[in-house]
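# Observations on the model geometry
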Amino acid sequence: MGAAMRRIHVGNALSAFGLGFTVPYLYVYVAQVRGLGAMTAGLVLAVFAVAALIVLPFAGRAIVRRGPLPVLLATLVLAAIGALSLGLAGSAATVLAAAALLGAGQAVMQPALATMIVDCSSAETRSRAFATQFFLQNLGLGVGGLIGGHLVDTTRVSSFTLLFSIEAAMFLLLAVVMATVRIPHAPRITDAPDSSAKGAWKQLLGNRAMVQLSVLGFVLFFACYGQFESGLSAYGVEAAGISTSALGTALAANTLMIVVAQFAVLKFVERRRRSRVIAGVGLIWAVAWVVAGYAGLGHGSREMATAAFVSTYALFGLGEAMLSPTVAPLVADLAPTGLAGQYNSAFALVKQLALAVGPAVGGPLAASLPAPYIVTFLLFSLGISVLAVRLGRSLTEVQDRPWLAARSRVVARGGATAESVSA
């Protein structure tokens with residue numbers, strides 16, 4: 001791991017640490033502490049999603065033309081202003097405006113940092129780099145949320161202002177750290193003919209494997225991440241009858257599984273077909289939905305229901321740990337030279353769409369029809385496996401099994417031909 005990659009990972013941890021201070025308490029802050037009501041709090045969460053959907057289509061082009069570092073620095077300043085403004089805002093209008101700034105900044109950070117990881121890694125080191133990023137993000141969110149929980153006091157607005165100020169400071173500190181990163185030169189769209197820039201989106205949509213991966217990504221995020229804090233939590237409280245403290249334990253189990261299992265899982269998936277790994281995640285999540293069904297519909301004791309529900313979140317965490325070194329590197333490997341930023345932003349846009357639709361569908365369904373809810377998302381999980389197998393047919397051998405590229409180079413240095421390697 002070079003100096004640039006180490007700074008990028010430190011930056012990822014800092015941004016997640018800052019977000020952990022405020023994300024769990026945003027709804028309570030707007031609705032209760034500021035006294036703006038549940039409607040305004042819901043609008044704030046919607047504004048985050050809308051802001052992301054607006055800026056992401058332009059973010060990819062900016063990253064491709066200017067490079068990820070300048071775009072990241074600009075969005076970090078924007079996010080810092082939004083976070084600080086949110087901590088000081090007292091009216092509905094100012095809260096919504098601040099949320100739009102913070103949401104836009106957060107949305108662009110993800111593809112910008114991902115593109116920096118791509119630029120600072122090779123095909124054989126990329127899976128480990130993205131696994132490390134995911135590990136540090138979850139660790140930062142968990143530690144930030146834990147510390148924030150001890151600092152917050154719903155009777156004092158100043159305690160929330162402190163949390164948002166810390167978040168803003170983390171973004172600015174990240175900007176300082178990132179400003180010292182020296183990114184290896186990577187081809188930009190300005191290095192290529194103008195026709196390449198104009199046809200970037202057309203080229204992306206014409207990439208069959210990327211389109212299939214985007215559809216698969218939507219289902220992944222819709223069936224898992226889009227249910228964590230909406231449908232699945234509503235199902236746990238309404239159908240399984242678990243307490244809010246048990247729900248917190250389940251979320252902690254998810255994070256703990258990722259932190260503990262990430263690098264053990266990485267060793268397992270590094271030498272396996274990416275499409276098969278994703279298909280395996282679909283099967284693991286199908287088991288998770290079966291366990292969730294037992295928690296709410298199995299008529300067992302409350303203790304058994306709680307244990308099953310916590311296990312559901314842990315199984316989801318295991319699947320996430322398998323996806324982190326698989327999906328993001330695959331997006332990078334599908335991108336033509338110089339267009340990694342465009343592809344990362346497009347995939348981030350797919351993720352945001354799934355995260356916007358998932359709660360809107362899952363929440364009401366889980367609260368009113370728990371059995372159909374479980375069956376629906378069990379089928380979605382099995383669908384992930386089917387889509388992953390189909391995606392594998394559209395990938396080249398090196399895209400599906402990236403370690404072949406490194407093996408080919410080693411053999412080539414020894415004097416063998418590419419044909420002898422493939423044979």
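Definitions and limits used
- Residues numbered from 1 in each chain as written.
- Predicted model: local features only at pLDDT ≥ 70, side-chain atom pairs only at ≥ 80, totals over all residues.
- Heavy atoms only, no water.
- Patch = residues over 30% accessible without salt bridge, like charges linked within 9 Å, V, L, I, M, F, W, Y side chains within 5 Å.
- Areas by Shrake-Rupley, 256 points an atom, 1.4 Å probe, with all protein chains shown as cover.
- Salt bridge = Lys/Arg side-chain N within 4 Å of Asp/Glu carboxyl O.
- Lys, Arg positive; Asp, Glu negative; His and termini not counted.
- Charge placed at Lys NZ, Arg CZ, Asp CG, Glu CD.
- Helix = DSSP H or I, 4+ residues; strand = E, 2+ residues; numbered from the N terminus.
- Buried < 20%, exposed > 50% of the residue type's maximum accessible area, 1.4 Å probe, protein only.
- Polar contact = N/O pair within 3.5 Å; in protein donor to acceptor, adjacent residues only side chain to side chain.
- Contact = heavy atoms within 4.5 Å.
- Axes fitted to C-alpha atoms, helices over the stretch in contact; angles between N-to-C directions.
- Parallel < 35°, antiparallel > 145°, perpendicular 65-115°, else oblique.
- Nonpolar A, V, L, I, M, F, W, Y, C, P; charged D, E, K, R; others polar.
- Phe/Tyr/Trp six-rings, centres within 6.5 Å; stacked < 30°, edge-to-face > 60°.
- Lys NZ or Arg CZ within 6 Å of the ring centre and 35° of its normal.
- pLDDT = per-residue confidence, 0-100.

## Details of a positive patch on the surface
A cluster of basic side chains, namely R208, R276, R390 and R393, defines a positive patch on the protein surface. Here R208 is to be found in helix α10 (residues 208–228). By relative accessible area, R208 is classed as exposed at 60%.

## As for the pattern of salt bridges
When the charged atoms of two side chains with opposite charge come close together, those side chains can pair. In this structure the tally under the stated criterion is seven salt bridges. Note that R126 is salt-bridged to D333, the shortest N-O span being 2.8 Å. With R126 in helix α6 (residues 126–151) and D333 in helix α15 (residues 327–334), this pair connects stretches of sequence that are 207 residues apart. Close ionic contact of R401 with E397 constitutes a salt bridge, the shortest N to O distance being 2.3 Å. In this structure R401 comes out as partly exposed when scored by relative accessible area, which is 24%. Each of R273, E397, D400 and R401 takes part in salt bridges that share partners, so that together they form one network.

## Digging into the side chain of S121
Among the secondary structure elements, S121 is positioned in the loop between α5 (92–119) and α6. We classify S121 as buried; its relative accessible area is 13%. Within polar-contact distance, the side chain of S121 engages the backbone oxygen of I117 at 2.7 Å. Side chain to side chain, S121 and R126 meet in a polar contact 3.1 Å long. Contact partners of S121, with chain neighbours within four places excluded, come to M5 and R126.

## Let's talk about the packing of helix α16 (residues 340–368) against helix α17 (residues 370–394)
Where α16 meets α17, the closest approach of the two axes is 5 Å, and the angle between their N-to-C directions is 135 degrees. As the angle between them shows, α16 and α17 are arranged oblique. Contact residues: α16 offers G362, L365, A366 and S368, while α17 offers P370, Y373, T376 and F377. Partitioning the contact of α16 with α17 into residue classes produces five nonpolar, three polar and no charged.

## So, helix α2 (residues 26–33)
Within α2, burial applies to L26, Y29, V30, A31 and V33. If you follow the buried residues of α2, they end up packed against α1 (3–22), α3 (37–66), α4 (68–88), α5 and α7 (157–179).

## Observations regarding the packing of helix α13 (residues 274–297) against helix α14 (residues 302–323)
Closest axis-to-axis distance for the α13/α14 pair is 8 Å, and the angle between their directions is 170 degrees. The angle between α13 and α14 places the two elements in the roughly antiparallel class.

## Considering a nonpolar patch on the surface
Together, L139, V143, L146, I147, L151 and L162 make up an exposed nonpolar region whose accessible area comes to about 460 Å². Looking at which element gives the most residues to the nonpolar patch, the answer is α6, with five residues. Mapped onto the secondary structure, L162 falls in helix α7. With relative accessibility at 41%, the residue L162 sits in the partly exposed group.

## Side note on the packing of aromatic side chains
By the definition in use, this model includes 16 aromatic pairs. Centroid distance W285 to F316: 5.5 Å. Interplanar angle 55 degrees. Geometry classified as tilted. In this pair, W285 sits in helix α13 while F316 sits in helix α14, placing the two residues 31 residues apart along the sequence. Taken together, the ring pairs connect F218, F222, Y235, W285, W289, F316, Y373, F377 and F380 into an aromatic cluster. In this structure, R272 is placed above the aromatic ring of F268, and the distance from its NZ or CZ to the ring centre is 4.0 Å.

## Side note on the confidence of the model for the protein
In this model, the protein carries an average pLDDT of 83, and 91% of its residues clear a pLDDT of 70 or more. The lowest-confidence element of the protein is helix α20 (residues 418–422), averaging 38 in pLDDT; the highest-confidence one is α17, averaging 94. Confidence drops under a pLDDT of 50 for residues 189–197, and excluding neighbours within four residues, the segment shows ten contacts in the predicted structure. This model gives residues 410–423 a pLDDT under 50, and the stretch forms three contacts once residues within four places in sequence are excluded.

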